[in-house]
Amino acid sequence: MHLISFKELTGQQLEEIIDKAIEVKSNPQKYRTALEGKSLAMIFQKTSTRTRVSFEVAMTQLGGHALYIDWRTTNFALADIYDEVQYLSRNVDCIMARLLRNSDLQVMAKASRVPVINGCDEKYHPSQAVADLMTMKEKKGTLKGAKLVYIGIHNNVCNSLIEGCTRTGVKITTVTPIFNEPSRDEELLENARKTGLWETTLNVKKAVEDADFVYTDTWVDMEFFLDPKFAAEKEKRVKLMMPYQINRELLKKSDAYIMHDMPIHRGYEISADAIESPKSVIYEQSENRLYSAKAIILKLLKKH
Ligand code: CP
């Protein structure tokens, strides 16, 4: 089994991973040697703090080992992905990859003899969404009936939230004035529509009124953030998105928990007062990447 998006999982399997993450967090000693002798290859074409740290520490704390592989310093940069993964998967027990293109990840999954985890591509970020749902379950006690409002760009994180929420009974409203076209997945959106749990609106004030959780993400994808060629588009986005910033004023009548997957761009998608609000669970959410990484690996390696 791979984890490229949540298409690979039933709602029940997803909830099992979330519950395992909560259990692993409360009883880390029980899993100290669960992955003794096992190796995880972590391949990065893009930058990362949380995904790299959480998966590497997860493997160490489970008794296994993780290898950080920078795409540019390997022959992945020169050769066919299929052949390189045929080789790699004969040496490790699991692969986690952060790639620019989902189509390359699909090739990896096809070539691999071992489970492949999507560490974030242009379409999906499932390991992030597991940590998000875990955080919501910890706060509310249950996912069914909880209401999440995602405010920002419709992107990879938004897709995985829509997919994860609608599979676990969470009502999700998206307020996304801009759609990142490379992230478009009509099948995912159609499946979400059928559940009746996803709606989309531009009325941000109304959307947050009865929200349990309000969530935002960067307005510019990581690979473009410092790219001078993207500067004009970045400026255009900032202008258009500013009225959708999460801040104290927007949430003045709301009791919602504030979420962000990080890295944060203070003063853009979220204000400093919202980050530091007593209702902010952003740092706990990022800490939960560790426990959710453990739960994902345990599930895929059938060690639970
Ligand atoms: N949220 C997230 O994936 O963080 P990194 O990009 O730092 O890994």
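Everything that follows concerns the structure shown earlier in this document.
Residues numbered from 1 in each chain as written. Predicted model: local features only at pLDDT ≥ 70, side-chain atom pairs only at ≥ 80, totals over all residues. Heavy atoms only, no water.

**Q** Please clarify how the overall build of the protein should be interpreted in this entry.
**A** The secondary structure content of the protein amounts to 11 helices and nine strands. For 304 residues, the compact-globule estimate of 2.2 N^0.38 gives 19 Å, and the C-alpha radius of gyration of the protein, at 19 Å, lies within 12% of that figure. Its C-alpha atoms give the protein principal-axis dimensions of roughly 55 × 45 × 35 Å. Considering only contacts in the protein between residues 6 or more positions apart, those separated by 24 or more positions represent 74%. Carbon and sulfur atoms provide 51% of the accessible area of the protein, an area that totals close to 13,300 Å². Within the protein, the 41 negative side-chain charges are centred at a point lying 2 Å from the centre of the 43 positive side-chain charges. (Helix = DSSP H or I, 4+ residues; strand = E, 2+ residues; numbered from the N terminus. Rg over C-alpha atoms; globule rule 2.2 N^0.38 Å. Contact = heavy atoms within 4.5 Å. Areas by Shrake-Rupley, 256 points an atom, 1.4 Å probe, with all protein chains shown as cover. Lys, Arg positive; Asp, Glu negative; His and termini not counted. Charge placed at Lys NZ, Arg CZ, Asp CG, Glu CD.)

**Q** Even after reading the chapter, I still don't get the packing of helix α1 (residues 11–26) against helix α11 (residues 282–300), so can you show me in this structure?
**A** Helices that pack against each other are described as a pair by the angle of their axes relative to one another and the distance between those axes. For the pair α1 and α11, interaxial distance at closest approach is 8 Å and the crossing angle is 120 degrees. Compared by their axis directions, α1 and α11 come out oblique. The handedness of the crossing between α1 and α11 comes out as right-handed. Contacts from Gln 13, Glu 16, Ile 17, Lys 20, Ala 21, Val 24 and Lys 25 in α1 reach Glu 287, Asn 288, Tyr 291, Ser 292, Lys 294, Ala 295, Ile 296, Leu 298 and Lys 299 in α11. Of the residues contributing to the contact of α1 with α11, the split by class is seven nonpolar, three polar and six charged. (Axes fitted to C-alpha atoms, helices over the stretch in contact; angles between N-to-C directions. Parallel < 35°, antiparallel > 145°, perpendicular 65-115°, else oblique. Left-handed = near helix turned anticlockwise from the far one by under 90°. Nonpolar A, V, L, I, M, F, W, Y, C, P; charged D, E, K, R; others polar.)

**Q** Explain the site of the ligand here, please?
**A** Neighbouring residues of the ligand: Ser 48, Thr 49, Arg 50, Thr 51, Arg 98, His 125, Gln 128, Asp 261, Met 262 and Arg 289. Here Ser 48 contributes a side-chain N or O atom positioned 2.7 Å from an oxygen atom of the ligand. Contact with the protein chains removes 96% of the 260 Å² of surface that the ligand exposes when unbound. (Near = heavy atom within 4 Å. Polar contact = N/O pair within 3.5 Å; in protein donor to acceptor, adjacent residues only side chain to side chain.)

**Q** I keep staring at the pairing of strand β3 (residues 94–98) and nothing clicks. Help me out?
**A** Two faces belong to every sheet, and in a regular strand the side chains alternate between them. Summarising burial for β3: five of the five residues are buried, a large majority. In β3, alternate side chains face the same way, and those of Cys 94, Met 96 and Arg 98 on one face and Ile 95 and Ala 97 on the other are all buried. When strand β1 (residues 39–44) meets β3, the two strands line up parallel, connected through five bridges. When the sheet's bridge partners are listed, Met 42 is paired in β3 with Met 96. Here β3 pairs with strand β4 (residues 116–118) via three bridges, running parallel. Paired with Met 96 across the two strands is Ile 117, which belongs to β4. (Buried < 20%, exposed > 50% of the residue type's maximum accessible area, 1.4 Å probe, protein only. Pairing = 2+ DSSP bridges.)

**Q** Please clarify how the side chain of Thr 173 should be interpreted in this entry.
**A** Mapped onto the secondary structure, Thr 173 falls in strand β6 (residues 171–179). The contacts of Thr 173, once residues within four sequence positions are left out, are Lys 147, Leu 148, Val 149, Tyr 150, Glu 199, Thr 201 and Ala 207.

**Q** Would you mind going over the sheet that holds β4 with me for this structure?
**A** Think of a sheet as strands paired side by side through backbone hydrogen bonds, with each pair either parallel or antiparallel. Read from one edge to the other, the open sheet built from four strands follows the order β2-β1-β3-β4, with strand pairing classed as parallel. In the strand order of this sheet, the two ends are held by β2 (65–70) and β4, each with one partner. Here the strands of the sheet are splayed against their neighbours by 20 degrees on average, with no regard to which way each runs. Alignment of β1 against β2, held across six bridges, turns out to be parallel. Within β2, the position partnered with Leu 40 by the bridge is Ala 66.

**Q** What's the story with unusual backbone geometry in this structure? I'm lost.
**A** Among all residues save glycine, negative phi is the norm, and among peptide bonds the norm is trans. Note that the residue after Met 262, namely Pro 263, is joined by a cis bond; omega there is 5 degrees. With respect to the element layout, Pro 263 can be found in the loop between β9 (257–260) and α10 (272–275). With a phi close to 110 degrees, Cys 120 is a non-glycine residue in the positive phi region. Note that Cys 120 resides in the loop between β4 and α5 (126–140). The residue Met 262 is not glycine, and still its phi comes out positive at about 65 degrees. Looking at the element boundaries, Met 262 is found in the loop between β9 and α10. Its relative accessible area of 17% is what places Met 262 among the buried residues.

**Q** Hey, could you run me through the packing of aromatic side chains in this one?
**A** One pass over the structure, following the stated rule, counts four aromatic pairs. Relative to Tyr 215, the ring of Tyr 150 lies with its centre 5.9 Å away and its plane at 40 degrees, an arrangement referred to as tilted. With a gap of 65 residues between them, Tyr 150 in strand β5 (residues 147–154) and Tyr 215 in strand β8 (residues 213–216) connect regions that are remote in the sequence. Comparing Tyr 150 with Tyr 215 shows no difference in burial state: the two are buried. (Phe/Tyr/Trp six-rings, centres within 6.5 Å; stacked < 30°, edge-to-face > 60°.)

**Q** Looking at this model, I keep getting lost on the sheet that holds β5. Mind explaining?
**A** Pairing is parallel across the open sheet formed by five strands, whose spatial order is β7-β6-β5-β8-β9. Here the strands that pair on one side only, and so sit at the sheet edges, are β7 (198–200) and β9. Across the sheet, the axes of successive neighbouring strands diverge by a mean angle of 20 degrees, strand direction being ignored. With four bridges connecting them, β5 and β8 associate as parallel partners. In the sheet register, Ile 151 faces β8, and the bridge partner there is Thr 216. Relative to β7, helix α7 (residues 186–195) is tilted by about 110 degrees, and along the sheet it contacts β5, β6 and β7. The sheet contacts of α11 involve β8 and β9, and relative to β9 the element is tilted by about 50 degrees.

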